[in-house]
Amino acid sequence: MLSTFHGLEAARRAMMAQQAALYTTGHNIANANTEGYTRQRVQLKATPPFPTPGLNRPNIPGQMGTGVEAASVERVREYFLDIQYRGENSKLGYWEARADAVSKMEDIMNEPSDSGLAKTMDQFWQALQDLSTHPENEGARSVVRQRGLAVVETFHYLSNSLSQIQTDIGTQIGVTVTQINSLAKQISELNKQIASVEPNGYLPNDLYDERDRLIDELSKLINVQVEKHPTGGNAPATAEGTYDIYFLNGNEKVYLVQGGEFQSISFPDGQDVDGDKEHIKEMPPATGVTELQVGGTSVSFTSNNQVTFPMGKLRGLIEAYGYVSGQDSSGQPIVTGIYPDMLNNLDKLAYTFGKLFNAVHEKGYGLNGETGVSFFDGLGQEAKGAAKTIRLSADIDDLANIAASTEEGKPGNGNNAINLANVGSMLLSSNTISLIGTSATIQMSDLQLPLTSGTIQTNYQGWIGKLGVDGQQANRMKNNSDVLRQSVEERRQSVSSVSLDEEMMNMIKFQHAYNAAARQITVVDEMLDKIINGMGIVGR
(Lines give C-alpha, C1' and ligand atoms only; values in the text may rest on other atoms or scores of the structure.)
Protein backbone atom coordinates (compact mmCIF):
# COMPACT_ATOMS: atom_id res chain seq x y z
CA MET A 1 0.00 0.00 0.00
CA LEU A 2 1.32 3.41 -0.92
CA SER A 3 2.15 5.91 1.82
CA THR A 4 -0.26 8.78 2.38
CA PHE A 5 2.71 11.15 2.02
CA HIS A 6 4.09 9.55 -1.17
CA GLY A 7 3.23 12.59 -3.28
CA LEU A 8 4.89 14.99 -0.84
CA GLU A 9 8.16 13.04 -0.92
CA ALA A 10 8.22 12.89 -4.74
CA ALA A 11 7.59 16.64 -4.95
CA ARG A 12 10.25 17.35 -2.29
CA ARG A 13 12.80 15.36 -4.24
CA ALA A 14 11.88 17.25 -7.40
CA MET A 15 12.35 20.58 -5.65
CA MET A 16 15.78 19.54 -4.31
CA ALA A 17 16.94 18.23 -7.71
CA GLN A 18 15.80 21.36 -9.59
CA GLN A 19 17.37 23.51 -6.89
CA ALA A 20 20.72 21.74 -7.42
CA ALA A 21 20.39 22.31 -11.16
CA LEU A 22 19.68 26.00 -10.54
CA TYR A 23 22.74 26.32 -8.28
CA THR A 24 24.92 24.69 -10.92
CA THR A 25 23.52 27.05 -13.56
CA GLY A 26 24.41 29.98 -11.32
CA HIS A 27 27.95 28.59 -10.95
CA ASN A 28 28.27 28.42 -14.74
CA ILE A 29 27.07 32.01 -15.15
CA ALA A 30 29.47 33.22 -12.45
CA ASN A 31 32.43 31.60 -14.26
CA ALA A 32 31.45 32.57 -17.81
CA ASN A 33 34.69 34.57 -18.16
CA THR A 34 36.97 32.35 -16.05
CA GLU A 35 39.94 31.05 -18.05
CA GLY A 36 39.89 27.27 -18.39
CA TYR A 37 36.43 26.87 -16.87
CA THR A 38 34.29 24.05 -18.24
CA ARG A 39 30.53 24.35 -17.99
CA GLN A 40 28.86 21.87 -15.65
CA ARG A 41 25.53 20.14 -15.69
CA VAL A 42 23.55 18.15 -13.16
CA GLN A 43 22.76 14.59 -14.18
CA LEU A 44 19.17 13.97 -13.05
CA LYS A 45 18.19 10.38 -12.39
CA ALA A 46 14.85 8.86 -11.48
CA THR A 47 14.87 7.37 -7.97
CA PRO A 48 14.06 3.62 -7.60
CA PRO A 49 10.32 2.94 -8.03
CA PHE A 50 8.03 1.52 -5.35
CA PRO A 51 7.65 -1.29 -4.60
CA THR A 52 10.76 -3.33 -5.22
CA PRO A 53 10.07 -6.84 -6.52
CA GLY A 54 9.50 -9.41 -3.76
CA LEU A 55 7.04 -11.97 -2.40
CA ASN A 56 5.73 -9.53 0.21
CA ARG A 57 5.25 -6.67 -2.21
CA PRO A 58 1.92 -4.80 -1.90
CA ASN A 59 -0.77 -5.69 -4.41
CA ILE A 60 -0.94 -2.53 -6.51
CA PRO A 61 -1.36 -2.11 -10.27
CA GLY A 62 2.37 -1.58 -10.87
CA GLN A 63 5.51 0.18 -9.70
CA MET A 64 4.98 3.84 -8.85
CA GLY A 65 7.70 6.42 -9.47
CA THR A 66 9.23 7.97 -6.39
CA GLY A 67 10.66 11.11 -7.98
CA VAL A 68 14.07 12.34 -9.09
CA GLU A 69 17.49 12.97 -7.62
CA ALA A 70 20.65 14.80 -8.68
CA ALA A 71 22.94 11.88 -9.41
CA SER A 72 26.10 13.89 -10.13
CA VAL A 73 27.46 17.22 -11.27
CA GLU A 74 29.68 16.63 -14.32
CA ARG A 75 31.76 18.72 -16.70
CA VAL A 76 30.74 18.98 -20.35
CA ARG A 77 34.08 18.25 -21.99
CA GLU A 78 35.37 16.15 -24.90
CA TYR A 79 38.72 14.53 -24.09
CA PHE A 80 39.58 13.89 -27.76
CA LEU A 81 39.52 17.64 -28.49
CA ASP A 82 41.92 18.18 -25.59
CA ILE A 83 44.40 15.77 -27.20
CA GLN A 84 44.09 17.56 -30.56
CA TYR A 85 44.48 20.99 -28.98
CA ARG A 86 47.61 20.05 -27.05
CA GLY A 87 49.23 18.53 -30.13
CA GLU A 88 48.68 21.69 -32.17
CA ASN A 89 49.69 23.86 -29.22
CA SER A 90 53.06 22.08 -29.04
CA LYS A 91 53.67 22.69 -32.74
CA LEU A 92 52.72 26.34 -32.34
CA GLY A 93 55.13 26.75 -29.42
CA TYR A 94 57.95 25.21 -31.48
CA TRP A 95 57.40 27.30 -34.59
CA GLU A 96 56.88 30.50 -32.60
CA ALA A 97 60.24 30.01 -30.88
CA ARG A 98 61.95 29.21 -34.17
CA ALA A 99 60.33 32.11 -36.05
CA ASP A 100 61.30 34.54 -33.28
CA ALA A 101 64.93 33.33 -33.31
CA VAL A 102 65.21 33.62 -37.09
CA SER A 103 63.52 37.05 -37.06
CA LYS A 104 66.10 38.38 -34.59
CA MET A 105 68.90 37.01 -36.75
CA GLU A 106 67.42 38.64 -39.85
CA ASP A 107 67.34 41.97 -38.01
CA ILE A 108 71.03 41.64 -37.14
CA MET A 109 72.21 40.46 -40.57
CA ASN A 110 70.09 43.19 -42.19
CA GLU A 111 70.36 41.86 -45.73
CA PRO A 112 69.83 43.17 -48.32
CA SER A 113 70.47 46.73 -47.17
CA ASP A 114 72.97 49.57 -47.42
CA SER A 115 74.45 48.72 -44.04
CA GLY A 116 74.87 44.94 -44.24
CA LEU A 117 78.07 42.97 -44.67
CA ALA A 118 77.50 42.44 -48.40
CA LYS A 119 77.24 46.19 -49.09
CA THR A 120 80.25 46.90 -46.86
CA MET A 121 82.36 44.38 -48.76
CA ASP A 122 81.13 45.75 -52.12
CA GLN A 123 82.33 49.20 -51.06
CA PHE A 124 85.68 47.67 -50.12
CA TRP A 125 86.02 46.04 -53.57
CA GLN A 126 85.03 49.34 -55.21
CA ALA A 127 87.64 51.22 -53.20
CA LEU A 128 90.28 48.78 -54.48
CA GLN A 129 89.07 49.29 -58.04
CA ASP A 130 89.47 53.05 -57.57
CA LEU A 131 92.93 52.47 -56.13
CA SER A 132 93.93 50.48 -59.23
CA THR A 133 93.44 53.61 -61.38
CA HIS A 134 95.25 55.93 -58.93
CA PRO A 135 97.67 53.64 -57.06
CA GLU A 136 99.87 56.52 -55.88
CA ASN A 137 97.02 58.66 -54.60
CA GLU A 138 97.12 58.84 -50.80
CA GLY A 139 93.41 59.65 -50.64
CA ALA A 140 92.50 56.46 -52.53
CA ARG A 141 94.78 54.48 -50.21
CA SER A 142 93.14 56.03 -47.16
CA VAL A 143 89.68 55.05 -48.49
CA VAL A 144 90.87 51.44 -48.95
CA ARG A 145 92.10 51.32 -45.38
CA GLN A 146 88.88 52.80 -44.00
CA ARG A 147 86.74 50.45 -46.10
CA GLY A 148 88.82 47.54 -44.85
CA LEU A 149 88.32 48.73 -41.29
CA ALA A 150 84.55 48.92 -41.94
CA VAL A 151 84.57 45.26 -43.08
CA VAL A 152 86.43 44.24 -39.91
CA GLU A 153 84.07 46.18 -37.67
CA THR A 154 81.05 44.69 -39.45
CA PHE A 155 82.39 41.19 -38.81
CA HIS A 156 82.88 42.09 -35.15
CA TYR A 157 79.39 43.59 -34.87
CA LEU A 158 77.65 40.61 -36.47
CA SER A 159 79.56 38.05 -34.42
CA ASN A 160 79.09 39.87 -31.09
CA SER A 161 75.41 40.61 -31.74
CA LEU A 162 74.63 37.02 -32.72
CA SER A 163 76.53 35.74 -29.67
CA GLN A 164 74.53 38.06 -27.41
CA ILE A 165 71.22 36.88 -28.86
CA GLN A 166 72.39 33.28 -28.45
CA THR A 167 73.13 34.00 -24.78
CA ASP A 168 69.67 35.56 -24.40
CA ILE A 169 68.11 32.44 -25.91
CA GLY A 170 70.05 30.39 -23.36
CA THR A 171 68.43 32.48 -20.64
CA GLN A 172 65.03 31.85 -22.24
CA ILE A 173 65.74 28.13 -22.15
CA GLY A 174 66.41 28.40 -18.43
CA VAL A 175 63.17 30.30 -17.87
CA THR A 176 61.25 27.74 -19.96
CA VAL A 177 62.70 24.83 -18.00
CA THR A 178 61.70 26.58 -14.76
CA GLN A 179 58.17 27.01 -16.13
CA ILE A 180 57.97 23.33 -17.05
CA ASN A 181 59.14 22.27 -13.60
CA SER A 182 56.74 24.69 -11.91
CA LEU A 183 53.78 23.45 -13.97
CA ALA A 184 54.71 19.82 -13.29
CA LYS A 185 54.79 20.57 -9.56
CA GLN A 186 51.39 22.28 -9.65
CA ILE A 187 49.85 19.38 -11.58
CA SER A 188 51.23 16.88 -9.07
CA GLU A 189 49.72 18.91 -6.21
CA LEU A 190 46.35 18.93 -7.96
CA ASN A 191 46.62 15.16 -8.39
CA LYS A 192 47.01 14.87 -4.62
CA GLN A 193 43.93 16.99 -3.99
CA ILE A 194 41.86 15.09 -6.53
CA ALA A 195 42.97 11.75 -5.07
CA SER A 196 41.73 12.90 -1.64
CA VAL A 197 38.28 13.94 -2.95
CA GLU A 198 37.23 11.29 -5.47
CA PRO A 199 37.27 8.24 -3.13
CA ASN A 200 34.62 10.02 -1.04
CA GLY A 201 32.19 9.87 -3.96
CA TYR A 202 32.58 13.43 -5.29
CA LEU A 203 33.69 14.89 -8.62
CA PRO A 204 36.10 17.82 -8.03
CA ASN A 205 35.21 19.55 -11.30
CA ASP A 206 36.95 22.83 -10.52
CA LEU A 207 40.16 20.97 -9.71
CA TYR A 208 39.83 19.11 -13.02
CA ASP A 209 39.52 22.46 -14.83
CA GLU A 210 42.63 23.89 -13.21
CA ARG A 211 44.62 20.74 -13.98
CA ASP A 212 43.55 20.78 -17.63
CA ARG A 213 44.43 24.46 -17.88
CA LEU A 214 47.93 23.78 -16.57
CA ILE A 215 48.38 20.86 -18.98
CA ASP A 216 47.31 23.11 -21.87
CA GLU A 217 49.93 25.64 -20.77
CA LEU A 218 52.55 22.90 -20.41
CA SER A 219 51.78 21.52 -23.88
CA LYS A 220 53.05 24.70 -25.51
CA LEU A 221 56.43 24.26 -23.86
CA ILE A 222 56.82 20.53 -24.54
CA ASN A 223 54.63 17.95 -26.26
CA VAL A 224 53.17 15.88 -23.43
CA GLN A 225 50.73 13.00 -23.22
CA VAL A 226 48.34 12.00 -20.46
CA GLU A 227 47.66 8.67 -18.75
CA LYS A 228 44.65 8.40 -16.45
CA HIS A 229 44.71 6.34 -13.25
CA PRO A 230 41.61 5.69 -11.08
CA THR A 231 41.81 6.73 -7.44
CA GLY A 232 39.68 3.82 -6.15
CA GLY A 233 37.49 3.89 -3.06
CA ASN A 234 33.96 5.14 -3.71
CA ALA A 235 35.01 7.27 -6.68
CA PRO A 236 32.13 7.77 -9.18
CA ALA A 237 32.32 5.94 -12.48
CA THR A 238 32.81 9.27 -14.28
CA ALA A 239 35.71 10.32 -12.05
CA GLU A 240 38.82 11.22 -14.08
CA GLY A 241 41.35 10.04 -11.51
CA THR A 242 44.95 11.25 -11.37
CA TYR A 243 46.98 12.13 -14.45
CA ASP A 244 50.47 10.91 -15.27
CA ILE A 245 52.19 13.36 -17.64
CA TYR A 246 54.92 12.06 -19.93
CA PHE A 247 56.63 12.67 -23.26
CA LEU A 248 58.07 10.16 -25.69
CA ASN A 249 61.85 9.88 -26.08
CA GLY A 250 61.94 7.51 -29.04
CA ASN A 251 59.81 4.60 -27.86
CA GLU A 252 60.49 5.28 -24.19
CA LYS A 253 58.07 7.13 -21.93
CA VAL A 254 59.71 9.81 -19.82
CA TYR A 255 57.43 10.89 -16.97
CA LEU A 256 57.28 14.44 -15.68
CA VAL A 257 54.39 13.72 -13.30
CA GLN A 258 53.33 10.44 -11.72
CA GLY A 259 50.41 10.84 -9.38
CA GLY A 260 51.44 13.24 -6.65
CA GLU A 261 55.15 13.22 -7.58
CA PHE A 262 56.96 15.18 -10.28
CA GLN A 263 60.36 14.95 -11.96
CA SER A 264 62.30 18.15 -12.69
CA ILE A 265 64.04 18.83 -16.00
CA SER A 266 67.65 19.99 -15.74
CA PHE A 267 70.87 20.20 -17.75
CA PRO A 268 73.70 17.93 -16.56
CA ASP A 269 76.40 20.55 -17.21
CA GLY A 270 74.26 23.54 -16.39
CA GLN A 271 74.53 26.16 -13.71
CA ASP A 272 73.13 25.61 -10.21
CA VAL A 273 70.71 28.45 -9.52
CA ASP A 274 69.50 27.48 -6.04
CA GLY A 275 68.63 24.44 -4.01
CA ASP A 276 64.96 24.32 -4.98
CA LYS A 277 64.10 21.20 -6.95
CA GLU A 278 62.30 23.35 -9.52
CA HIS A 279 65.40 25.39 -10.37
CA ILE A 280 68.32 22.95 -10.30
CA LYS A 281 70.74 23.37 -13.21
CA GLU A 282 68.29 25.24 -15.38
CA MET A 283 70.87 26.89 -17.69
CA PRO A 284 72.04 24.99 -20.79
CA PRO A 285 75.76 24.25 -21.16
CA ALA A 286 77.70 26.83 -23.17
CA THR A 287 79.00 24.17 -25.57
CA GLY A 288 75.50 23.21 -26.74
CA VAL A 289 72.89 20.82 -25.43
CA THR A 290 73.81 17.12 -25.48
CA GLU A 291 71.13 15.76 -23.18
CA LEU A 292 68.71 16.70 -20.43
CA GLN A 293 68.05 15.10 -17.08
CA VAL A 294 64.48 14.27 -16.11
CA GLY A 295 64.72 13.22 -12.52
CA GLY A 296 67.37 10.52 -12.67
CA THR A 297 66.82 9.73 -16.35
CA SER A 298 69.11 11.00 -19.09
CA VAL A 299 67.25 12.13 -22.19
CA SER A 300 69.30 12.62 -25.36
CA PHE A 301 68.32 15.55 -27.52
CA THR A 302 69.31 13.68 -30.68
CA SER A 303 69.51 10.08 -31.87
CA ASN A 304 71.60 9.08 -34.89
CA ASN A 305 72.28 12.80 -35.46
CA GLN A 306 68.53 13.48 -35.73
CA VAL A 307 66.57 15.58 -33.25
CA THR A 308 64.20 13.27 -31.37
CA PHE A 309 63.19 15.59 -28.52
CA PRO A 310 59.42 16.29 -28.55
CA MET A 311 58.02 19.41 -30.20
CA GLY A 312 57.33 22.52 -28.20
CA LYS A 313 58.88 25.85 -27.29
CA LEU A 314 61.79 24.17 -25.44
CA ARG A 315 62.89 22.27 -28.54
CA GLY A 316 62.61 25.39 -30.71
CA LEU A 317 64.79 27.37 -28.29
CA ILE A 318 67.41 24.60 -28.04
CA GLU A 319 67.58 24.28 -31.84
CA ALA A 320 68.21 28.03 -32.03
CA TYR A 321 70.72 28.03 -29.16
CA GLY A 322 72.67 24.97 -30.33
CA TYR A 323 72.92 21.24 -29.65
CA VAL A 324 75.64 18.63 -30.08
CA SER A 325 74.92 16.62 -33.22
CA GLY A 326 78.08 14.50 -33.30
CA GLN A 327 81.87 14.62 -33.21
CA ASP A 328 84.46 15.72 -35.73
CA SER A 329 87.55 13.73 -36.76
CA SER A 330 89.46 14.99 -33.72
CA GLY A 331 86.72 13.96 -31.31
CA GLN A 332 85.48 17.49 -30.65
CA PRO A 333 81.72 18.02 -30.40
CA ILE A 334 79.92 19.39 -33.46
CA VAL A 335 77.43 22.02 -32.31
CA THR A 336 74.49 22.55 -34.64
CA GLY A 337 71.73 25.12 -34.48
CA ILE A 338 70.43 28.32 -36.02
CA TYR A 339 72.87 30.61 -34.22
CA PRO A 340 75.90 28.29 -33.98
CA ASP A 341 75.61 27.58 -37.73
CA MET A 342 75.54 31.27 -38.66
CA LEU A 343 78.38 32.12 -36.24
CA ASN A 344 80.41 29.24 -37.67
CA ASN A 345 79.70 30.45 -41.21
CA LEU A 346 80.76 33.99 -40.32
CA ASP A 347 84.01 32.65 -38.84
CA LYS A 348 84.68 30.64 -42.00
CA LEU A 349 83.91 33.66 -44.16
CA ALA A 350 86.15 36.01 -42.15
CA TYR A 351 88.98 33.45 -42.08
CA THR A 352 88.75 32.66 -45.79
CA PHE A 353 88.44 36.34 -46.71
CA GLY A 354 91.37 37.41 -44.51
CA LYS A 355 93.70 34.56 -45.48
CA LEU A 356 93.04 34.82 -49.21
CA PHE A 357 93.25 38.61 -49.21
CA ASN A 358 96.56 38.45 -47.31
CA ALA A 359 97.93 35.87 -49.76
CA VAL A 360 97.23 38.21 -52.70
CA HIS A 361 98.36 41.31 -50.84
CA GLU A 362 101.68 39.70 -49.89
CA LYS A 363 102.48 39.14 -53.59
CA GLY A 364 102.32 42.88 -54.31
CA TYR A 365 104.48 45.90 -53.61
CA GLY A 366 103.77 49.09 -51.73
CA LEU A 367 104.84 52.63 -52.54
CA ASN A 368 108.02 52.07 -50.56
CA GLY A 369 108.82 48.82 -52.37
CA GLU A 370 107.88 46.67 -49.39
CA THR A 371 106.37 43.22 -50.15
CA GLY A 372 105.09 40.29 -48.10
CA VAL A 373 103.02 42.61 -45.91
CA SER A 374 99.74 41.28 -44.49
CA PHE A 375 96.65 43.48 -44.73
CA PHE A 376 94.68 41.63 -42.00
CA ASP A 377 95.83 40.21 -38.69
CA GLY A 378 94.29 38.22 -35.82
CA LEU A 379 93.79 35.02 -37.84
CA GLY A 380 95.10 31.89 -36.15
CA GLN A 381 95.47 28.31 -37.31
CA GLU A 382 91.73 27.65 -37.47
CA ALA A 383 88.59 29.51 -38.43
CA LYS A 384 86.84 29.33 -35.05
CA GLY A 385 86.41 32.83 -33.64
CA ALA A 386 87.87 34.54 -36.71
CA ALA A 387 84.92 36.94 -37.08
CA LYS A 388 85.65 38.27 -33.57
CA THR A 389 89.44 38.44 -33.85
CA ILE A 390 90.10 39.63 -37.42
CA ARG A 391 91.61 43.12 -37.51
CA LEU A 392 93.70 45.38 -39.73
CA SER A 393 97.43 44.75 -39.59
CA ALA A 394 99.42 47.44 -37.81
CA ASP A 395 101.57 47.69 -40.94
CA ILE A 396 98.58 49.16 -42.82
CA ASP A 397 98.68 52.21 -40.53
CA ASP A 398 101.36 53.29 -42.99
CA LEU A 399 99.33 53.78 -46.17
CA ALA A 400 102.45 53.26 -48.26
CA ASN A 401 102.39 49.57 -47.28
CA ILE A 402 99.17 48.91 -49.19
CA ALA A 403 100.44 46.71 -52.01
CA ALA A 404 98.72 48.02 -55.14
CA SER A 405 101.56 47.18 -57.56
CA THR A 406 102.71 43.84 -58.97
CA GLU A 407 106.18 45.16 -59.90
CA GLU A 408 108.89 46.33 -57.57
CA GLY A 409 109.92 49.90 -58.14
CA LYS A 410 106.79 50.72 -60.16
CA PRO A 411 104.31 52.18 -57.65
CA GLY A 412 102.13 53.45 -60.49
CA ASN A 413 101.31 49.87 -61.47
CA GLY A 414 97.85 49.17 -60.04
CA ASN A 415 97.49 45.54 -61.13
CA ASN A 416 97.66 44.11 -57.63
CA ALA A 417 94.84 46.40 -56.55
CA ILE A 418 92.79 44.75 -59.32
CA ASN A 419 93.81 41.33 -57.99
CA LEU A 420 92.73 42.39 -54.49
CA ALA A 421 89.41 43.68 -55.85
CA ASN A 422 88.84 40.26 -57.43
CA VAL A 423 89.34 38.30 -54.18
CA GLY A 424 85.58 38.24 -53.52
CA SER A 425 84.89 36.53 -56.84
CA MET A 426 87.85 34.11 -56.90
CA LEU A 427 86.77 30.47 -57.27
CA LEU A 428 87.68 28.75 -54.02
CA SER A 429 87.63 25.29 -55.58
CA SER A 430 90.58 26.17 -57.85
CA ASN A 431 93.89 24.48 -57.18
CA THR A 432 95.86 27.50 -58.36
CA ILE A 433 94.89 31.14 -58.75
CA SER A 434 96.76 33.19 -61.31
CA LEU A 435 97.24 36.87 -60.67
CA ILE A 436 97.02 39.73 -63.18
CA GLY A 437 100.26 41.46 -64.13
CA THR A 438 102.60 38.90 -62.58
CA SER A 439 103.71 35.33 -63.01
CA ALA A 440 103.12 34.69 -59.31
CA THR A 441 100.35 32.24 -58.39
CA ILE A 442 98.57 31.22 -55.20
CA GLN A 443 98.33 27.55 -54.26
CA MET A 444 94.97 27.18 -52.52
CA SER A 445 96.03 24.00 -50.73
CA ASP A 446 98.75 25.96 -48.90
CA LEU A 447 96.14 28.29 -47.37
CA GLN A 448 93.97 25.45 -45.93
CA LEU A 449 90.81 27.53 -46.22
CA PRO A 450 87.57 26.30 -44.55
CA LEU A 451 85.51 27.30 -47.61
CA THR A 452 86.44 25.21 -50.63
CA SER A 453 83.63 25.82 -53.11
CA GLY A 454 81.99 28.80 -54.78
CA THR A 455 83.32 32.26 -54.00
CA ILE A 456 83.35 34.45 -50.91
CA GLN A 457 80.39 36.39 -52.29
CA THR A 458 78.31 33.38 -53.36
CA ASN A 459 78.85 31.60 -50.05
CA TYR A 460 77.57 34.59 -48.12
CA GLN A 461 74.65 35.05 -50.52
CA GLY A 462 73.74 31.37 -50.08
CA TRP A 463 73.66 31.66 -46.29
CA ILE A 464 71.52 34.78 -46.42
CA GLY A 465 69.20 33.11 -48.93
CA LYS A 466 68.85 30.08 -46.65
CA LEU A 467 68.14 32.38 -43.71
CA GLY A 468 65.33 34.03 -45.67
CA VAL A 469 63.84 30.66 -46.65
CA ASP A 470 64.04 29.43 -43.04
CA GLY A 471 62.30 32.59 -41.86
CA GLN A 472 59.51 32.21 -44.40
CA GLN A 473 59.01 28.56 -43.51
CA ALA A 474 58.98 29.27 -39.77
CA ASN A 475 56.40 32.04 -40.17
CA ARG A 476 54.28 29.95 -42.53
CA MET A 477 54.30 26.96 -40.18
CA LYS A 478 53.62 29.20 -37.19
CA ASN A 479 50.57 30.69 -38.93
CA ASN A 480 49.35 27.25 -40.05
CA SER A 481 49.75 25.81 -36.55
CA ASP A 482 47.95 28.79 -35.06
CA VAL A 483 45.03 28.39 -37.47
CA LEU A 484 44.72 24.68 -36.66
CA ARG A 485 45.00 25.33 -32.91
CA GLN A 486 42.33 28.03 -33.08
CA SER A 487 40.08 25.71 -35.09
CA VAL A 488 40.33 23.00 -32.44
CA GLU A 489 39.90 25.59 -29.69
CA GLU A 490 36.70 26.87 -31.30
CA ARG A 491 35.31 23.34 -31.44
CA ARG A 492 36.36 22.76 -27.85
CA GLN A 493 34.75 26.00 -26.72
CA SER A 494 31.56 25.12 -28.58
CA VAL A 495 31.35 22.03 -26.36
CA SER A 496 32.75 23.24 -23.06
CA SER A 497 32.38 27.01 -22.77
CA VAL A 498 29.54 28.77 -21.00
CA SER A 499 26.78 30.18 -23.23
CA LEU A 500 24.89 32.81 -21.29
CA ASP A 501 21.86 32.42 -23.55
CA GLU A 502 21.75 28.68 -22.93
CA GLU A 503 22.25 29.12 -19.18
CA MET A 504 19.40 31.64 -19.05
CA MET A 505 17.14 29.15 -20.82
CA ASN A 506 18.19 26.43 -18.38
CA MET A 507 17.58 28.75 -15.45
CA ILE A 508 14.01 29.41 -16.63
CA LYS A 509 13.48 25.71 -17.29
CA PHE A 510 14.67 24.66 -13.83
CA GLN A 511 12.75 27.49 -12.21
CA HIS A 512 9.49 26.37 -13.80
CA ALA A 513 10.16 22.78 -12.78
CA TYR A 514 10.86 23.96 -9.23
CA ASN A 515 7.62 26.00 -9.19
CA ALA A 516 5.65 23.04 -10.52
CA ALA A 517 7.06 20.79 -7.78
CA ALA A 518 6.14 23.40 -5.18
CA ARG A 519 2.62 23.57 -6.65
CA GLN A 520 2.41 19.80 -6.41
CA ILE A 521 3.12 20.03 -2.67
CA THR A 522 0.29 22.55 -2.37
CA VAL A 523 -2.07 20.19 -4.19
CA VAL A 524 -1.10 17.22 -2.01
CA ASP A 525 -1.46 19.43 1.08
CA GLU A 526 -5.02 20.34 0.02
CA MET A 527 -5.81 16.65 -0.53
CA LEU A 528 -4.48 15.74 2.91
CA ASP A 529 -6.41 18.62 4.48
CA LYS A 530 -9.62 17.29 2.93
CA ILE A 531 -8.88 13.79 4.23
CA ILE A 532 -7.82 14.86 7.69
CA ASN A 533 -10.13 17.78 8.36
CA GLY A 534 -12.99 17.36 5.93
CA MET A 535 -13.89 13.67 6.31
CA GLY A 536 -15.62 11.84 9.19
CA ILE A 537 -17.82 14.75 10.33
CA VAL A 538 -21.20 13.40 9.08
CA GLY A 539 -23.97 13.82 11.69
CA ARG A 540 -22.35 16.66 13.59
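Computed from a predicted structure; not experimentally measured.

(A) A look at the packing of aromatic side chains. A complete count under the given rule lists 17 aromatic pairs for this structure. Arranged with centres 6.5 Å apart and planes meeting at 65 degrees, the rings of Phe 124 and Phe 376 form a pair that is edge-to-face. Of this pair, Phe 124 sits in helix 3 (residues 117-133) while Phe 376 sits in strand 14 (residues 376-377), and the two are 252 residues apart along the sequence. Judged by its relative accessible area of 2%, Phe 376 is buried. Of the aromatic side chains, those joined through ring pairs into one cluster are Phe 124, Trp 125, Phe 155, Phe 353, Phe 357, Phe 375 and Phe 376. In this arrangement the basic side chain of Lys 228 is found over the ring face of Tyr 79, its NZ or CZ atom lying 4.1 Å from the centre.

(B) Up close: the UniProt feature "domain: Flagellar basal-body/hook protein C-terminal" (unreviewed entry) in the protein. Listed under "domain: Flagellar basal-body/hook protein C-terminal" (unreviewed entry) in the UniProt record, and renumbered for this structure, are residues 495-533. With 92% helix and 0% strand, the stretch residues 495-533 has end C-alpha atoms that lie 54 Å from each other.

(C) Looking closely at the domain arrangement of the protein. The domains assigned to the protein are domain 1 (4-76 + 499-535), domain 2 (83-107 + 169-337) and domain 3 (109-160 + 340-463). The straight-line distance from the C-alpha centre of domain 1 to that of domain 2 is 47 Å. Taken together, the contacts link ten residues of domain 1 with nine residues of domain 2. Along the contact surface separating domain 1 from domain 2 lie three salt bridges. Note that Asp 212 is salt-bridged to Arg 75, the shortest N-O span being 2.9 Å.

(D) Seen up close, empty space enclosed by the protein. Applying the stated criterion across every chain yields a total of one cavity of 30 Å³ or more. The computed volume of the largest cavity comes to approximately 40 Å³. Together, Ala 97, Asp 100, Ala 101, Lys 104, Ile 169, Gln 172, Leu 317 and Ala 320 line the largest cavity. Looking at the lining of the largest cavity, the elements that each hand over two or more residues are helix 2 (79-109), helix 4 (138-197) and helix 6 (313-321). At four residues, helix 2 tops the list of elements feeding residues into the lining of the largest cavity. For the lining of the largest cavity, a count of residues per class yields five nonpolar, one polar and two charged.

The rules we used
Residues numbered from 1 in each chain as written. Predicted model: local features only at pLDDT ≥ 70, side-chain atom pairs only at ≥ 80, totals over all residues. Heavy atoms only, no water. Phe/Tyr/Trp six-rings, centres within 6.5 Å; stacked < 30°, edge-to-face > 60°. Helix = DSSP H or I, 4+ residues; strand = E, 2+ residues; numbered from the N terminus. Buried < 20%, exposed > 50% of the residue type's maximum accessible area, 1.4 Å probe, protein only. Lys NZ or Arg CZ within 6 Å of the ring centre and 35° of its normal. UniProt positions renumbered as here; feature names shortened; annotations may be inferred. Domains from an automatic or database assignment. Contact = heavy atoms within 4.5 Å. Salt bridge = Lys/Arg side-chain N within 4 Å of Asp/Glu carboxyl O. 1 Å grid on protein atoms, 1.4 Å probe; cavity = no way out; pocket = protein on both sides within 12 Å on 5 of 7 lines; lining within 4 Å. Points joined across faces, edges and corners; volume = space filled by probe spheres on them. Nonpolar A, V, L, I, M, F, W, Y, C, P; charged D, E, K, R; others polar.

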